[in-house]
Amino acid sequence: MRGNTTTGVSGATADTILRGAGVGLTPAAFLYLGALVVFGFDTLMRVATTGLSFLTQLPILNVMGMVCLVALAVGFTLVSVRAFRQARRWREDGETTAVLWGLAASALLVLVPVLLAILLPQHPATIV
């Protein structure tokens, strides 16, 4: 392990674990913060187009929402690729980090809402 030789092994290990987990959780943080920005931008666009008729407002909001979601997907991909490259770089340097554990936690944080949407019934009144 590279770094300061005056710190103890437990201090260096804790620092490495926290740094690795931070890099691994970056994609999930980016996705959730980006989703908040998309929702905020959509709300601002809805307020800005309040005076327009519904048939004029709907396409504007749909196009802007899709542009924001595509930008979010591209940004999420770039942040994920950067995290994987950092994990590979640390692995090649011989450092043991928690980047892969952080990436696994990120994957779970992204997957849980999708699984909830799939598994929860869409019409609870029709549960048999």
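Reading the values: the criteria
Sequence positions are assigned chain by chain, starting from 1 and proceeding in written order. Two thresholds apply to this predicted model, a pLDDT of at least 70 for residue-level local features and 80 or more for giving and counting side-chain atom pairs, whereas whole-chain, interface and lining totals are computed over all residues. As a rule here, side-chain values cover all heavy atoms of the structure and leave hydrogens and water aside. Numbering of helices and strands runs from the N terminus; a helix is a DSSP stretch of H or I covering at least four residues, while a strand is a stretch of E covering at least two. Type-normalised accessible area, obtained with a 1.4 Å probe on protein chains alone, sets the label of each residue: buried when under 20%, exposed when over 50%, and partly exposed for intermediate values. Residue exposure ignores everything except the shown protein chains as possible cover, and the areas themselves are Shrake-Rupley values with a 1.4 Å probe. Residues enter a nonpolar core if they are buried and are Ala, Val, Leu, Ile, Met, Phe, Trp, Tyr or Cys, with the set joined through side-chain atoms within 4.5 Å. Note on contacts: a residue pair is in contact if any heavy atoms of the two residues lie within 4.5 Å. Only residues whose relative accessible area exceeds 30% and that form no salt bridge are eligible for patches; like-charged ones are grouped when within 9 Å, while nonpolar side chains (Val, Leu, Ile, Met, Phe, Trp, Tyr) are grouped when within 5 Å. The working definition used for a salt bridge is a side-chain nitrogen of Lys or Arg within 4 Å of a carboxyl oxygen of Asp or Glu. Residue-level confidence of the predictor is what pLDDT reports, using numbers from 0 through 100. Only the contacting stretch of a helix is used when fitting its axis, a line to C-alpha atoms as for every element, and angles between N-to-C directions run 0 to 180 degrees. Reported orientations rely on four angle classes, namely roughly parallel under 35 degrees, roughly antiparallel over 145, roughly perpendicular from 65 to 115, and oblique for the rest. Here is the rule for handedness: rotate from the far helix to the near one, and if that takes an anticlockwise turn smaller than a right angle the crossing is left-handed, while a clockwise turn gives right-handed. Amino acids outside the nonpolar list (Ala, Val, Leu, Ile, Met, Phe, Trp, Tyr, Cys, Pro) and the charged list (Asp, Glu, Lys, Arg) are all regarded as polar, and Gly is one of them. What qualifies as a polar contact is a pair of N or O atoms within 3.5 Å, subject to a donor-acceptor requirement within protein and to the restriction that residues adjacent in sequence count only when both atoms come from side chains.

Draft legend 1. Seen up close, the overall build of the protein. Counting its regular elements, the protein contains 3 helices and 0 strands. Taken from the N to the C terminus, the helices and strands of the protein come in the order α-α-α. Expressed as a percentage of its 128 residues, the buried residues of the protein come to 23%. With the model as given, the accessible surface of the protein reaches about 9300 Å², and the carbon-plus-sulfur share is 73%.

Draft legend 2. Layout of the nonpolar core. Counting residues in hydrophobic clusters, the biggest one holds 6 residues: Val-23, Ala-83, Ala-87, Trp-90, Val-99 and Leu-103. For this core, the secondary-structure elements that each account for two or more residues are α2 (54–92) and α3 (99–119). Counting residues per element, this core draws most heavily on α2, which supplies 3 residues. In this structure Trp-90 touches Arg-19, Gly-20, Val-23, Glu-95, Thr-97 and Val-99, once residues within four positions along its chain are discounted.

Draft legend 3. Structural view of a nonpolar patch on the surface. Together, Leu-108, Leu-111, Val-112, Val-114, Leu-115, Leu-116, Ile-118, Leu-119 and Leu-120 make up an exposed nonpolar region whose accessible area comes to about 860 Å². In this structure, Leu-108 sits in helix α3.

Draft legend 4. Layout of the confidence of the model for the protein. Per-chain confidence: the protein averages 83 in pLDDT, with 86% of residues scoring 70 or above. The least confident element of the protein, judged by mean pLDDT, is helix α1 (residues 9–48) at 85; the most confident is α2 at 91. Every residue in residues 5–9 scores below 50 in pLDDT, and together they form 1 contact with partners more than four places removed in sequence or on other chains.

Draft legend 5. Fine view of the packing of α2 against α3. Axis separation between α2 and α3 bottoms out at 10 Å; the angle between their running directions is 155 degrees. The angle between the axes of α2 and α3 places the two elements in the roughly antiparallel class. You can see that α2 and α3 cross each other, and the crossing is left-handed. Here α2 contributes Phe-76, Ala-83, Phe-84, Ala-87 and Trp-90 to the contact with α3, which in turn contributes Val-99, Leu-100, Leu-103 and Val-110. Here the contact of α2 with α3 is composed, by residue class, of 9 nonpolar, no polar and no charged.

Draft legend 6. Up close: the environment of Gly-65. Tracing the chain through its elements places Gly-65 in helix α2. Sequence separation between Gly-65 and Val-38 is 27 residues; the distance between their C-alpha atoms is 7.2 Å.

Draft legend 7. Looking closely at the side chain of Gln-57. Within the secondary structure, Gln-57 sits in helix α2. Of the polar contacts made by the side chain of Gln-57, one reaches the backbone oxygen of Arg-46; its length is 3.4 Å. In contact with Gln-57, other than residues within four places in its own chain, are Arg-46, Thr-49 and Thr-50.

Draft legend 8. Region of the structure containing the side chain of Thr-49. Inspection of the secondary structure puts Thr-49 in the loop between α1 and α2. For Thr-49, the side chain forms a polar contact with the side chain of Gln-57, separated by 3.1 Å. Beyond its immediate chain neighbours, meaning those up to four positions away, Thr-49 contacts Gln-57, Ile-60 and Leu-61.

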